Amino acid sequence: DQQVKQNSPSLSVQEGRISILNCDYTNSMFDYFLWYKKYPAEGPTFLISISSIKDKNEDGRFTVFLNKSAKHLSLHIVPSQPGDSAVYFCAARQAGTALIFGKGTTLSVSS
Amino acid sequence: KAGVTQTPRYLIKTRGQQVTLSCSPISGHRSVSWYQQTPGQGLQFLFEYFSETQRNKGNFPGRFSGRQFSNSRSEMNVSTLELGDSALYLCASSLAPLGNQPQHFGDGTRLSIL
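Here goes a summary of the coordinates provided. (Residues numbered from 1 in each chain as written. Chains lettered and ligands numbered in written order. Predicted model: local features only at pLDDT ≥ 70, side-chain atom pairs only at ≥ 80, totals over all residues. Heavy atoms only, no water.)

Time to look at the nonpolar core. Residues Phe33(A), Trp35(A), Leu73(A), Leu75(A) and Tyr88(A) are the most contacted members of the largest nonpolar core, which totals 23 residues. Counting only elements with at least two residues in this core, the list comes to strand E3 (19-25), strand E4 (30-38), strand E5 (45-51), strand E7 (62-67), strand E8 (72-77), strand E9 (86-94) and strand E11 (105-110) of chain A. Among the elements that make up this core, the one with the highest residue count is E9(A) (four residues). Ignoring any residue separated from it by four or fewer positions in sequence, one finds Leu75(A) in contact with Ser19(A), Ile20(A), Leu21(A), Trp35(A), Leu47(A), Ile48(A), Phe62(A), Thr63(A) and Tyr88(A). Membership of the second largest hydrophobic core comes to 21 residues, among which are Val19(B), Leu21(B), Cys23(B) and Met76(B). (Core = buried A, V, L, I, M, F, W, Y, C linked by side-chain atoms within 4.5 Å. Buried < 20%, exposed > 50% of the residue type's maximum accessible area, 1.4 Å probe, protein only. Helix = DSSP H or I, 4+ residues; strand = E, 2+ residues; numbered from the N terminus. Contact = heavy atoms within 4.5 Å.)

The following block contains the structure:
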């Protein structure tokens, strides 16, 4: 049973527009959420995180939103750039346990 | 600051053999976690080590084992290799285990079983 789901395998966006990547989770005990970006032949790179006591966290072009009642997490990238083209993973953790990852969304940003 | 280093980057083995993969964490990081990434399953958690002790374990058979040394470096061993063990094995380090801080990943070891 997948506890963290990324229902869109892929997303295509034009350069300069907003990219919105979505993630749903089922475990209400999750209290820490992260987004990673992965290029081919490289390991995942940490992008941004949010704890369950917040509903928004920003870092430059990246903003993560957390809707606890809907058990929904989203990553907004504004403006999108061609270099943002990669696979994006969301991950979640319950205190004291391991990170659980979604299966990823491939973002393609065209110029 | 050096990142997480995994060796070797690529490895080819045959069924029935065993393999040992190595991971050196970021300097100062004492927690090391291992993940298996396959196309169909995404990143699956194998185990986590802190202070030379296994703190958490995923749902993998006993053929998968690991250890951590006093300098925080970690090794992962897979015995009696099966075709299904072909995957990218990723190591991640963090300052402390299981807390609200990000894990930082190495570039992985690509293991192919023939």
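Here we take up the packing of aromatic side chains. Scanning the entire structure with this criterion turns up 13 aromatic pairs over all chains. Measuring from ring centre to ring centre gives 6.0 Å for Tyr25(A) and Phe30(A), while their planes differ by 55 degrees; the resulting arrangement is tilted. Seen from their ring centres, Tyr36(A) and Phe105(B) are 5.3 Å apart, and the 90 degrees between their planes marks the pair as edge-to-face. One end of the pair, Tyr36(A), is in strand E4; the other, Phe105(B), is in strand E10 (residues 104-105), on a second chain. There is no split in this pair, since Tyr36(A) and Phe105(B) are both buried. Feature note: the residues Tyr36(A), Phe46(A), Phe101(A), Tyr35(B), Phe45(B) and Phe105(B) constitute an aromatic cluster, connected by ring pairs. (Phe/Tyr/Trp six-rings, centres within 6.5 Å; stacked < 30°, edge-to-face > 60°.)

This brings us to the sheet that holds E8(A). Residue and element names in this part refer to chain A. Pairing within the open sheet is antiparallel, and its five strands lie in the order E1-E3-E8-E7-E6. If you trace the sheet from one side to the other, it starts and ends with strand E1 (4-5) and strand E6 (56-59), each paired once. Note: E7 against E8, six bridges, orientation antiparallel. For Phe 65, the partnering residue across the bridge sits in E8 and is Ser 74. (Pairing = 2+ DSSP bridges.)

On the side of chain A, 19 residues touch chain B, which itself brings 20 residues to the contact. Of the roughly 1600 Å² buried where chain B meets chain A, counting both sides, 56% is carbon and sulfur surface. Put simply, chain B and chain A have zero salt bridges between them. On inspection of chain B and its partner chain A, the count reaches three residue pairs in polar contact (both at pLDDT 80 or more). Taken together, the elements giving at least two residues each to the side of chain B that touches chain A come down to strand E4 (31-38), strand E5 (42-50), strand E9 (87-94) and E10 of chain B. Here the side of chain B that touches chain A is composed, by residue class, of eight nonpolar, ten polar and two charged. (Buried area = accessible area lost by both parts, 1.4 Å probe. Salt bridge = Lys/Arg side-chain N within 4 Å of Asp/Glu carboxyl O. Polar contact = N/O pair within 3.5 Å; in protein donor to acceptor, adjacent residues only side chain to side chain. Nonpolar A, V, L, I, M, F, W, Y, C, P; charged D, E, K, R; others polar.)

Here the focus is the state of the cysteines. Evaluation of the coordinates by the stated rule reveals two disulfides over all chains. With its sulfur 1.9 Å from that of its partner, Cys23(A) forms a disulfide with Cys90(A). A torsion of 60 degrees about the S-S bond marks the disulfide between Cys23(A) and Cys90(A) as right-handed. With Cys23(A) in strand E3 and Cys90(A) in strand E9, this pair connects stretches of sequence that are 67 residues apart. Here Cys23(A) matches Cys90(A) in class, with each residue buried. Here Cys23(B) connects covalently by a disulfide to Cys91(B), the sulfurs 1.8 Å from one another. On the sign convention where negative is left-handed, the bridge of Cys23(B) and Cys91(B), at about -60 degrees about the S-S bond, is left-handed. With Cys23(B) in strand E3 (residues 19-24) and Cys91(B) in strand E9, the pair connects residues that are 68 residues apart, well separated along the chain. (Disulfide = S-S within 2.5 Å.)

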